[in-house]
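Take a look at the letters that make up each chain.
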Amino acid sequence: MFQDITTLLLDPKAFKDTVDLFVERYKGKDISVVAGIEARGFIFGPPIALEIGAKFVPLRKPKKLPGKVISEEYVLEYGRDCLEMHVGAVEPGERALVVDDLIATGGTLCAAMKLLERVGADVVECACVIELPDLKGRERLNGKPLYVLVESH
Amino acid sequence: MFAGDQNGLQGDPRLKAISEAIRVVPHFPKPGIMFQDITTLLLDHKAFKDAVDIFVDRYRDMDISVVAGVEARGFMFGPSIALAIGAKFVPLRKPRKLPGEVISEAYVLEYGTDCLEMHVGAVQPGERALVIDDLVATGGTLCAAIRLLERVGAQVVECACVVGLREVKGQHRLNGKPLYILVEPRQLTNCSAPSVNGVAVNGVETCRHNDLYLSAT
(Lines give C-alpha, C1' and ligand atoms only; values in the text may rest on other atoms or scores of the structure.)
Protein backbone atom coordinates (compact mmCIF):
# COMPACT_ATOMS: atom_id res chain seq x y z
CA MET A 1 0.00 0.00 0.00
CA PHE A 2 1.96 2.97 -1.30
CA GLN A 3 2.09 5.99 1.00
CA ASP A 4 1.80 8.94 -1.36
CA ILE A 5 3.08 12.16 0.20
CA THR A 6 2.37 14.20 -2.93
CA THR A 7 -1.14 14.89 -1.64
CA LEU A 8 0.38 16.35 1.53
CA LEU A 9 2.29 18.78 -0.69
CA LEU A 10 -1.00 19.94 -2.25
CA ASP A 11 -2.18 21.15 1.15
CA PRO A 12 -0.08 24.24 1.94
CA LYS A 13 -1.07 24.34 5.61
CA ALA A 14 -0.40 20.64 6.22
CA PHE A 15 2.90 20.80 4.32
CA LYS A 16 3.96 23.86 6.31
CA ASP A 17 2.95 22.18 9.59
CA THR A 18 5.03 19.13 8.63
CA VAL A 19 8.12 21.22 8.02
CA ASP A 20 7.47 23.31 11.15
CA LEU A 21 7.34 20.19 13.34
CA PHE A 22 10.79 19.15 12.15
CA VAL A 23 12.16 22.70 12.42
CA GLU A 24 10.92 23.04 16.01
CA ARG A 25 12.67 19.82 16.90
CA TYR A 26 16.00 20.58 15.24
CA LYS A 27 16.43 24.34 15.53
CA GLY A 28 19.07 25.29 18.05
CA LYS A 29 20.53 21.79 18.17
CA ASP A 30 23.72 22.81 16.37
CA ILE A 31 22.93 20.78 13.26
CA SER A 32 24.98 22.02 10.33
CA VAL A 33 24.00 19.43 7.69
CA VAL A 34 20.64 18.22 6.46
CA ALA A 35 21.16 15.29 4.08
CA GLY A 36 18.14 14.42 1.94
CA ILE A 37 17.65 11.16 0.09
CA GLU A 38 16.71 11.30 -3.59
CA ALA A 39 14.13 12.22 -4.59
CA ARG A 40 11.37 12.79 -2.01
CA GLY A 41 13.94 13.67 0.65
CA PHE A 42 14.73 16.66 -1.60
CA ILE A 43 11.22 17.97 -1.01
CA PHE A 44 11.38 18.05 2.81
CA GLY A 45 15.09 18.47 3.47
CA PRO A 46 15.82 21.90 1.95
CA PRO A 47 13.01 23.80 3.71
CA ILE A 48 14.19 22.31 7.02
CA ALA A 49 17.83 23.15 6.26
CA LEU A 50 16.97 26.73 5.34
CA GLU A 51 14.97 27.27 8.53
CA ILE A 52 17.55 25.81 10.92
CA GLY A 53 20.56 27.45 9.26
CA ALA A 54 22.10 24.25 7.93
CA LYS A 55 23.46 23.32 4.53
CA PHE A 56 21.55 20.85 2.38
CA VAL A 57 23.36 17.83 0.93
CA PRO A 58 21.58 15.68 -1.65
CA LEU A 59 22.24 11.93 -1.46
CA ARG A 60 21.71 10.63 -4.94
CA LYS A 61 21.37 7.59 -7.15
CA PRO A 62 24.53 6.70 -9.07
CA LYS A 63 25.97 8.97 -11.76
CA LYS A 64 23.77 11.96 -11.02
CA LEU A 65 26.23 14.03 -8.98
CA PRO A 66 28.78 15.66 -11.28
CA GLY A 67 31.76 15.94 -8.97
CA LYS A 68 33.87 13.44 -7.11
CA VAL A 69 31.65 11.17 -4.98
CA ILE A 70 31.74 8.47 -2.38
CA SER A 71 29.30 5.59 -2.85
CA GLU A 72 27.54 3.27 -0.45
CA GLU A 73 25.87 0.15 -1.70
CA TYR A 74 22.79 -1.32 -0.05
CA VAL A 75 20.63 -4.38 -0.47
CA LEU A 76 17.15 -4.34 -1.97
CA GLU A 77 14.54 -7.06 -1.93
CA TYR A 78 15.95 -8.19 -5.28
CA GLY A 79 19.45 -6.97 -6.01
CA ARG A 80 21.36 -3.92 -4.85
CA ASP A 81 21.31 -0.16 -5.22
CA CYS A 82 23.73 2.58 -4.42
CA LEU A 83 23.66 6.04 -2.81
CA GLU A 84 26.25 8.74 -3.51
CA MET A 85 27.43 11.95 -1.85
CA HIS A 86 29.83 14.61 -3.07
CA VAL A 87 33.30 14.49 -1.58
CA GLY A 88 33.87 17.63 0.46
CA ALA A 89 30.20 18.41 1.01
CA VAL A 90 30.39 17.40 4.66
CA GLU A 91 33.33 17.97 7.01
CA PRO A 92 34.47 15.73 9.89
CA GLY A 93 32.70 16.55 13.10
CA GLU A 94 29.65 18.14 11.54
CA ARG A 95 26.33 17.27 13.15
CA ALA A 96 23.94 15.86 10.57
CA LEU A 97 20.28 15.07 10.12
CA VAL A 98 19.12 12.54 7.49
CA VAL A 99 15.72 13.22 5.93
CA ASP A 100 13.48 11.09 3.75
CA ASP A 101 9.73 11.00 3.23
CA LEU A 102 9.32 7.46 4.54
CA ILE A 103 11.18 4.68 6.31
CA ALA A 104 10.29 1.11 5.34
CA THR A 105 13.03 -1.50 5.78
CA GLY A 106 15.60 1.16 6.67
CA GLY A 107 18.08 0.07 4.01
CA THR A 108 18.32 3.44 2.30
CA LEU A 109 18.55 5.39 5.56
CA CYS A 110 21.24 3.03 6.76
CA ALA A 111 23.28 3.65 3.59
CA ALA A 112 22.78 7.39 4.04
CA MET A 113 24.06 7.27 7.62
CA LYS A 114 27.09 5.28 6.54
CA LEU A 115 28.00 7.85 3.90
CA LEU A 116 27.93 10.62 6.49
CA GLU A 117 29.84 8.60 9.07
CA ARG A 118 32.50 7.66 6.55
CA VAL A 119 33.40 11.33 6.19
CA GLY A 120 33.46 11.77 9.94
CA ALA A 121 30.11 13.43 10.50
CA ASP A 122 27.98 12.72 13.56
CA VAL A 123 24.48 11.62 12.54
CA VAL A 124 22.26 13.10 15.21
CA GLU A 125 18.95 11.64 14.01
CA CYS A 126 17.01 10.31 11.05
CA ALA A 127 13.76 12.10 10.32
CA CYS A 128 10.88 10.85 8.19
CA VAL A 129 7.30 11.91 7.69
CA ILE A 130 6.02 8.31 7.72
CA GLU A 131 7.18 5.06 9.28
CA LEU A 132 6.00 1.58 8.34
CA PRO A 133 6.75 0.03 11.74
CA ASP A 134 5.86 -3.52 10.66
CA LEU A 135 8.97 -3.50 8.46
CA LYS A 136 11.17 -2.79 11.50
CA GLY A 137 13.35 -0.24 9.74
CA ARG A 138 14.06 1.41 13.08
CA GLU A 139 16.16 -1.59 14.06
CA ARG A 140 18.47 -1.15 11.07
CA LEU A 141 19.67 2.25 12.12
CA ASN A 142 22.57 1.00 14.27
CA GLY A 143 21.08 2.56 17.37
CA LYS A 144 20.65 5.99 15.84
CA PRO A 145 17.42 7.67 16.84
CA LEU A 146 14.53 7.94 14.40
CA TYR A 147 11.88 10.64 14.52
CA VAL A 148 8.68 10.23 12.52
CA LEU A 149 5.45 12.18 12.37
CA VAL A 150 3.03 9.40 11.47
CA GLU A 151 2.96 5.61 11.46
CA SER A 152 1.23 3.46 8.90
CA HIS A 153 0.40 -0.19 9.57
CA MET B 1 14.64 38.16 -18.00
CA PHE B 2 17.42 38.24 -15.47
CA ALA B 3 17.01 39.05 -11.81
CA GLY B 4 19.85 41.52 -12.23
CA ASP B 5 17.87 43.50 -14.80
CA GLN B 6 14.76 43.67 -12.65
CA ASN B 7 13.36 44.29 -9.23
CA GLY B 8 16.11 46.81 -8.54
CA LEU B 9 18.53 43.92 -8.20
CA GLN B 10 21.18 45.33 -10.52
CA GLY B 11 24.51 44.99 -8.80
CA ASP B 12 22.81 43.16 -5.94
CA PRO B 13 25.67 41.46 -4.07
CA ARG B 14 23.39 38.52 -3.36
CA LEU B 15 23.38 37.61 -7.06
CA LYS B 16 27.17 37.72 -7.22
CA ALA B 17 27.43 35.39 -4.24
CA ILE B 18 24.82 33.05 -5.71
CA SER B 19 26.73 32.89 -9.00
CA GLU B 20 30.03 32.26 -7.30
CA ALA B 21 28.55 29.54 -5.12
CA ILE B 22 27.73 27.47 -8.18
CA ARG B 23 30.51 25.09 -9.14
CA VAL B 24 31.43 24.48 -12.77
CA VAL B 25 32.30 20.86 -13.48
CA PRO B 26 33.96 20.52 -16.87
CA HIS B 27 33.19 17.67 -19.23
CA PHE B 28 30.20 16.31 -17.30
CA PRO B 29 28.28 14.27 -18.30
CA LYS B 30 30.38 14.25 -21.45
CA PRO B 31 33.33 16.09 -23.02
CA GLY B 32 32.65 19.68 -23.96
CA ILE B 33 29.87 20.24 -21.44
CA MET B 34 30.55 22.74 -18.61
CA PHE B 35 28.10 21.48 -15.99
CA GLN B 36 26.63 24.09 -13.66
CA ASP B 37 26.56 22.29 -10.31
CA ILE B 38 24.07 23.94 -7.93
CA THR B 39 24.81 21.49 -5.10
CA THR B 40 27.57 23.84 -3.94
CA LEU B 41 24.98 26.63 -3.71
CA LEU B 42 22.99 24.41 -1.33
CA LEU B 43 26.06 24.14 0.91
CA ASP B 44 26.13 27.92 1.34
CA HIS B 45 23.18 28.61 3.61
CA LYS B 46 23.14 32.36 3.06
CA ALA B 47 23.42 32.13 -0.73
CA PHE B 48 20.79 29.38 -0.89
CA LYS B 49 18.43 31.38 1.30
CA ASP B 50 19.05 34.50 -0.78
CA ALA B 51 18.19 32.63 -3.99
CA VAL B 52 14.92 31.40 -2.51
CA ASP B 53 14.16 34.86 -1.08
CA ILE B 54 14.64 36.55 -4.45
CA PHE B 55 12.12 34.16 -6.02
CA VAL B 56 9.71 34.54 -3.09
CA ASP B 57 9.87 38.34 -3.24
CA ARG B 58 9.03 38.20 -6.93
CA TYR B 59 6.14 35.72 -6.73
CA ARG B 60 4.44 36.31 -3.37
CA ASP B 61 1.97 38.89 -4.70
CA MET B 62 1.31 37.26 -8.07
CA ASP B 63 -1.60 35.14 -6.83
CA ILE B 64 0.19 31.91 -7.65
CA SER B 65 -1.43 28.80 -6.22
CA VAL B 66 0.84 26.13 -7.76
CA VAL B 67 4.61 25.74 -7.80
CA ALA B 68 5.53 22.86 -10.12
CA GLY B 69 9.08 21.57 -9.70
CA VAL B 70 10.89 19.48 -12.27
CA GLU B 71 12.53 16.32 -10.94
CA ALA B 72 14.94 16.23 -9.25
CA ARG B 73 16.78 19.53 -8.80
CA GLY B 74 13.56 21.49 -9.14
CA PHE B 75 12.54 19.72 -5.92
CA MET B 76 15.41 21.41 -4.10
CA PHE B 77 14.10 24.94 -4.79
CA GLY B 78 10.37 24.62 -5.46
CA PRO B 79 9.01 23.52 -2.08
CA SER B 80 10.65 26.35 -0.13
CA ILE B 81 9.20 28.88 -2.56
CA ALA B 82 5.77 27.21 -2.40
CA LEU B 83 5.77 27.24 1.40
CA ALA B 84 6.72 30.90 1.56
CA ILE B 85 4.08 32.08 -0.92
CA GLY B 86 1.31 29.79 0.36
CA ALA B 87 1.10 27.71 -2.82
CA LYS B 88 0.91 23.98 -3.23
CA PHE B 89 3.93 22.09 -4.55
CA VAL B 90 3.46 19.71 -7.47
CA PRO B 91 6.34 17.43 -8.46
CA LEU B 92 6.79 16.81 -12.19
CA ARG B 93 8.47 13.45 -12.45
CA LYS B 94 10.21 10.96 -14.70
CA PRO B 95 7.99 8.08 -15.84
CA ARG B 96 6.62 5.56 -13.38
CA LYS B 97 7.60 7.41 -10.23
CA LEU B 98 4.23 8.94 -9.36
CA PRO B 99 1.90 6.32 -7.88
CA GLY B 100 -1.50 7.63 -8.92
CA GLU B 101 -3.13 8.37 -12.24
CA VAL B 102 -0.88 10.62 -14.31
CA ILE B 103 -0.76 12.59 -17.51
CA SER B 104 2.45 12.37 -19.51
CA GLU B 105 4.21 14.73 -21.85
CA ALA B 106 7.01 13.50 -24.10
CA TYR B 107 9.85 15.74 -25.15
CA VAL B 108 12.79 15.45 -27.51
CA LEU B 109 16.36 14.71 -26.45
CA GLU B 110 19.49 14.70 -28.56
CA TYR B 111 18.95 11.01 -29.10
CA GLY B 112 15.43 9.83 -28.50
CA THR B 113 12.74 11.18 -26.20
CA ASP B 114 12.02 11.44 -22.50
CA CYS B 115 8.82 12.00 -20.61
CA LEU B 116 7.52 14.14 -17.75
CA GLU B 117 4.49 13.17 -15.67
CA MET B 118 2.06 14.93 -13.34
CA HIS B 119 -0.66 13.54 -11.12
CA VAL B 120 -4.20 13.89 -12.42
CA GLY B 121 -6.12 16.18 -10.10
CA ALA B 122 -3.08 17.88 -8.60
CA VAL B 123 -3.81 21.11 -10.48
CA GLN B 124 -7.24 22.58 -11.20
CA PRO B 125 -8.31 24.56 -14.27
CA GLY B 126 -7.67 28.25 -13.85
CA GLU B 127 -4.93 27.92 -11.27
CA ARG B 128 -1.95 30.24 -11.71
CA ALA B 129 1.28 28.26 -11.81
CA LEU B 130 5.01 28.76 -11.57
CA VAL B 131 7.41 26.18 -13.05
CA ILE B 132 10.76 25.83 -11.33
CA ASP B 133 13.96 24.02 -12.23
CA ASP B 134 17.61 24.60 -11.34
CA LEU B 135 18.74 25.37 -14.87
CA VAL B 136 17.43 25.99 -18.36
CA ALA B 137 19.51 25.08 -21.42
CA THR B 138 17.47 24.19 -24.50
CA GLY B 139 14.17 24.62 -22.69
CA GLY B 140 12.85 21.23 -23.74
CA THR B 141 12.05 20.04 -20.23
CA LEU B 142 10.47 23.35 -19.23
CA CYS B 143 8.33 23.34 -22.37
CA ALA B 144 7.07 19.87 -21.49
CA ALA B 145 6.28 21.13 -17.99
CA ILE B 146 4.35 24.10 -19.40
CA ARG B 147 2.36 21.80 -21.66
CA LEU B 148 1.42 19.49 -18.76
CA LEU B 149 0.05 22.39 -16.76
CA GLU B 150 -1.77 23.93 -19.71
CA ARG B 151 -3.33 20.59 -20.60
CA VAL B 152 -5.16 20.60 -17.26
CA GLY B 153 -6.24 24.20 -17.77
CA ALA B 154 -3.76 25.96 -15.53
CA GLN B 155 -2.21 29.26 -16.48
CA VAL B 156 1.58 29.20 -16.40
CA VAL B 157 2.59 32.64 -15.16
CA GLU B 158 6.35 32.18 -15.47
CA CYS B 159 9.23 29.70 -15.53
CA ALA B 160 11.93 30.33 -12.96
CA CYS B 161 15.47 28.95 -12.91
CA VAL B 162 18.56 29.64 -10.87
CA VAL B 163 20.88 29.40 -13.90
CA GLY B 164 20.30 30.00 -17.58
CA LEU B 165 21.47 31.76 -20.70
CA ARG B 166 19.94 35.09 -21.65
CA GLU B 167 18.24 33.54 -24.61
CA VAL B 168 16.98 30.02 -25.17
CA LYS B 169 17.16 29.24 -28.85
CA GLY B 170 17.19 32.94 -29.58
CA GLN B 171 14.07 33.59 -27.52
CA HIS B 172 13.52 35.28 -24.17
CA ARG B 173 10.32 33.27 -23.74
CA LEU B 174 9.43 29.59 -23.75
CA ASN B 175 6.31 28.79 -25.76
CA GLY B 176 5.38 32.41 -25.13
CA LYS B 177 5.88 32.11 -21.38
CA PRO B 178 8.30 34.44 -19.62
CA LEU B 179 11.48 33.03 -18.17
CA TYR B 180 13.07 34.45 -15.01
CA ILE B 181 16.68 33.56 -14.29
CA LEU B 182 18.94 34.54 -11.39
CA VAL B 183 22.38 34.10 -12.94
CA GLU B 184 24.14 33.16 -16.14
CA PRO B 185 26.28 30.06 -16.48
CA ARG B 186 29.96 30.52 -15.75
CA GLN B 187 33.00 29.17 -17.50
CA LEU B 188 36.17 28.04 -15.85
CA THR B 189 38.74 30.66 -16.76
CA ASN B 190 41.38 28.14 -17.74
CA CYS B 191 39.11 25.82 -19.59
CA SER B 192 37.64 26.42 -23.01
CA ALA B 193 34.54 24.57 -23.91
CA PRO B 194 32.18 24.99 -26.80
CA SER B 195 28.99 24.66 -24.84
CA VAL B 196 27.25 24.91 -21.51
CA ASN B 197 25.00 21.99 -20.74
CA GLY B 198 24.59 21.61 -24.48
CA VAL B 199 24.00 25.20 -25.56
CA ALA B 200 26.84 27.40 -26.76
CA VAL B 201 27.74 30.23 -24.46
CA ASN B 202 27.35 32.87 -27.17
CA GLY B 203 23.70 31.96 -27.45
CA VAL B 204 23.97 30.06 -30.70
CA GLU B 205 23.24 26.39 -30.48
CA THR B 206 26.20 24.30 -31.53
CA CYS B 207 24.55 21.00 -31.01
CA ARG B 208 21.15 19.46 -31.28
CA HIS B 209 18.67 19.55 -28.40
CA ASN B 210 20.59 18.48 -25.34
CA ASP B 211 18.02 17.73 -22.74
CA LEU B 212 19.87 14.45 -22.50
CA TYR B 213 22.17 16.27 -20.13
CA LEU B 214 19.38 17.96 -18.26
CA SER B 215 17.51 14.72 -17.96
CA ALA B 216 20.34 13.41 -15.82
CA THR B 217 18.63 15.14 -12.92
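Residues numbered from 1 in each chain as written. Chains lettered and ligands numbered in written order. Predicted model: local features only at pLDDT ≥ 70, side-chain atom pairs only at ≥ 80, totals over all residues. Heavy atoms only, no water.

Caption draft 1: Quick look at the side chain of Glu94(A). Residues and elements named next belong to chain A. In this structure, Glu94 sits in the loop between strand S4 (80-86) and strand S5 (95-103). Engagement of the side chain of Glu94 in a polar contact is seen with the side chain of Ser32, the distance being 2.6 Å. For Glu94, the residues in contact, after removing those within four places along its chain, are Ser32, Val33, Lys55, Ala89, Gly120, Ala121 and Asp122. (Helix = DSSP H or I, 4+ residues; strand = E, 2+ residues; numbered from the N terminus. Polar contact = N/O pair within 3.5 Å; in protein donor to acceptor, adjacent residues only side chain to side chain. Contact = heavy atoms within 4.5 Å.)

Caption draft 2: Layout of the sheet that holds strand S8 (residues 155-164) of chain B. Residue and element names in this part refer to chain B. Reading across from one edge, S4-S3-S7-S8-S10-S9 is the order of the six strands in this open sheet, with mixed pairing throughout. Only two strands of the sheet have a single neighbouring strand rather than two, namely strand S4 (88-92) and strand S9 (173-174). One ladder, built from eight bridges, connects strand S7 (residues 128-136) with S8; its direction is parallel. Note that in S8 the partner of Leu130 across the bridge is Glu158. Its contacts with the sheet put helix H1 (residues 13-21) on S8 and strand S10 (177-183), and the angle it makes with S10 is roughly 80°. (Pairing = 2+ DSSP bridges. Axes fitted to C-alpha atoms, helices over the stretch in contact; angles between N-to-C directions.)

Caption draft 3: Examining the confidence of the model for chain B more closely. A residue-level look at chain B finds 85% of positions with pLDDT of 70 or above and a mean pLDDT of 86. Here residues 198-217 of chain B is modelled with pLDDT under 50, and outside its nearest four sequence neighbours on either side it reaches 64 contacts, counting other chains as well. (pLDDT = per-residue confidence, 0-100.)

Caption draft 4: Structural view of the interface of chain A and chain B. If you look at the interface, chain A gives 32 residues, while chain B gives 34 residues. Interface area for chain A against chain B, summed over the two sides, is near 2,600 Å², with a carbon-plus-sulfur share of 71%. Where chain A packs against chain B, one counts zero salt bridges. Along the contact surface separating chain A from chain B lie six residue pairs in polar contact (both at pLDDT 80 or more). Secondary structure elements with two or more residues in the side of chain A that touches chain B: helix H1 (6-9), helix H2 (12-26), helix H3 (41-52) and strand S2 (55-59) of chain A. (Buried area = accessible area lost by both parts, 1.4 Å probe. Salt bridge = Lys/Arg side-chain N within 4 Å of Asp/Glu carboxyl O.)

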